[in-house]
Amino acid sequence: MAIYNITDQGLIPVQATKFADAGLRERDHIQQLLRDQIEVIAPDVLVISEEFGNWEDSRRRIDLLAIDKDANIVVIELKRTEAGGHMDLQAIRYAAMVSAVTFSGAVETYERHLDATADGSGDARVRLLEFLDWEEPDDDQFAQDVRIILVAAEFSKEITTSVLWLN
């Protein structure tokens, strides 16, 4: 998709670049920028963890773990590469692994995230309840679904076909 600058002389195409050519790394740059401004890709989502990997017998990590306003878990998988690799399968695996997260588990995860980031102020439980606009936790309504958001410069036909079929 072309991007243009609007000037007095008309539309000027913005030259395409690659993250690697710009010296941007996935975890150190792209992930941190999106963590701090998640609304760019996912409005009404609260990031509760970065590099989440709180499970036994696996060293895999979710790039960004979030909650949406409907109290659904959101797995956000990022790839700096053009094709995106096997990010669809990776995200499905992660979605299955976090599908049983409870409200109290989300609070613990969010507490660790707040402690690890510059945004370490405030009570994770209170902030999560405020985000969801809840007075008290409602385990019957919490994490009823898991959403997946894939972020890459482009997606291969294999990934696009798989995602469309899953939808």
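Below is a summary of the structure that appears in this document. From a predicted model like this one, the values you see are computed outputs, not experimental measurements.

**Some points on the sheet that holds strand 3 (residues 45–52)**
Line of reasoning, step 1. Strand order in the open sheet formed by 4 strands is 3-4-5-6, with mixed pairing between adjacent strands. Here the strands that pair on one side only, and so sit at the sheet edges, are strand 3 and strand 6 (146–151). Adjacent strand axes in the sheet meet at a mean angle of 25 degrees when their direction is disregarded.
Line of reasoning, step 2. Here helix 3 (residues 103–116) sits on the sheet and contacts strand 3 and strand 4 (62–68); the angle it forms with strand 3, its principal contact strand, is near 75 degrees.

**A short note on the side chain of Asp88**
Line of reasoning, step 1. Mapped onto the elements, Asp88 comes out in helix 2 (residues 87–98).
Line of reasoning, step 2. Buried Asp88, no salt bridge; nearest opposite-charge side chain is Arg93, N-O distance 8.9 Å.
Line of reasoning, step 3. Dropping the residues within four chain positions of it, Asp88 is found in contact with Leu150, Glu158, Ile159 and Ser162.

**Here we look at the packing of aromatic side chains**
Line of reasoning, step 1. Applying the stated rule across the entire model yields 3 aromatic pairs.
Line of reasoning, step 2. An angle of 75 degrees between the planes, with centres 6.5 Å apart, marks the rings of Trp134 and Phe142 as edge-to-face. In this pair, the class of Trp134 matches that of Phe142, namely buried.
Line of reasoning, step 3. These aromatic residues form a ring-pair network of at least three members: Phe103, Trp134 and Phe142.
Line of reasoning, step 4. Here the guanidinium or amino end of Lys69 rests over the ring plane of Phe131, the centre of that ring lying 4.3 Å away.

**Some details on helix 2**
Line of reasoning, step 1. The first and last C-alpha atoms of helix 2 sit 16 Å apart over 12 residues, in line with the 16 Å expected at 1.5 Å per residue.
Line of reasoning, step 2. Its buried side turned inward, helix 2 meets strand 3, strand 4, strand 5 (73–78), strand 6 and helix 5 (157–166).

**Some words on unusual backbone geometry**
Line of reasoning, step 1. Located in the positive-phi region is Asp133, a residue other than glycine, with phi close to 60 degrees.
Line of reasoning, step 2. In this structure, Asp133 sits in the loop between helix 4 (124–132) and strand 6.

**Some remarks on helix 3**
Line of reasoning, step 1. Over its 14 residues, helix 3 extends 20 Å from the first C-alpha to the last, a length consistent with the 20 Å expected when each residue adds 1.5 Å.
Line of reasoning, step 2. Three or more residues of helix 3 are buried, namely Phe103, Ala106, Val107, Thr109, Tyr110, His113 and Leu114. One face of helix 3 carries all of its buried residues, which in axial projection span an arc of 165 degrees. Exposed and facing more than 90 degrees away from the buried side of helix 3 are Asp115 and Ala116.

**Regarding a nonpolar patch on the surface**
Line of reasoning, step 1. A cluster of nonpolar residues, Leu89, Ile92, Ile148, Trp165 and Leu166, forms a patch on the protein surface that exposes about 540 Å² of accessible area.
Line of reasoning, step 2. Only helix 2 and helix 5 provide two or more residues apiece to the nonpolar patch.
Line of reasoning, step 3. Of note, Ile92 is situated in helix 2.

**Quick look at the nonpolar core**
Line of reasoning, step 1. Counting 25 residues, the largest nonpolar core has Leu65, Ile67, Phe103, Leu128, Leu132 and Phe142 as the members making the most contacts within it.
Line of reasoning, step 2. Elements represented by at least two residues in this core include exactly strand 3, strand 4, strand 5, helix 2, helix 3 and helix 4.
Line of reasoning, step 3. Setting aside residues up to four positions removed in sequence, Phe103 forms contacts with Arg125, Leu128, Leu129, Leu132, Trp134, Pro137, Asp139 and Phe142.
Line of reasoning, step 4. Val45, Ala66, Leu78 and Ile149 belong to the second-largest nonpolar core, a separate cluster that totals 13 residues.

**Some words on the pairing of strand 3**
Line of reasoning, step 1. Counting buried positions along strand 3 gives 7 out of 8 residues, so the element sits mostly inside the fold.
Line of reasoning, step 2. Pairing analysis gives 6 bridges linking strand 3 to strand 4, with the strands arranged antiparallel. From the neighbouring strand, Glu50 faces strand 4, where its bridge partner is Leu64.

The rules behind these values
- Residues numbered from 1 in each chain as written.
- Predicted model: local features only at pLDDT ≥ 70, side-chain atom pairs only at ≥ 80, totals over all residues.
- Heavy atoms only, no water.
- Pairing = 2+ DSSP bridges.
- Helix = DSSP H or I, 4+ residues; strand = E, 2+ residues; numbered from the N terminus.
- Axes fitted to C-alpha atoms, helices over the stretch in contact; angles between N-to-C directions.
- Contact = heavy atoms within 4.5 Å.
- Buried < 20%, exposed > 50% of the residue type's maximum accessible area, 1.4 Å probe, protein only.
- Lys, Arg positive; Asp, Glu negative; His and termini not counted.
- Salt bridge = Lys/Arg side-chain N within 4 Å of Asp/Glu carboxyl O.
- Phe/Tyr/Trp six-rings, centres within 6.5 Å; stacked < 30°, edge-to-face > 60°.
- Lys NZ or Arg CZ within 6 Å of the ring centre and 35° of its normal.
- Expected span 1.5 Å × (residues − 1).
- Arc of directions from axis to C-beta.
- Patch = residues over 30% accessible without salt bridge, like charges linked within 9 Å, V, L, I, M, F, W, Y side chains within 5 Å.
- Areas by Shrake-Rupley, 256 points an atom, 1.4 Å probe, with all protein chains shown as cover.
- Core = buried A, V, L, I, M, F, W, Y, C linked by side-chain atoms within 4.5 Å.

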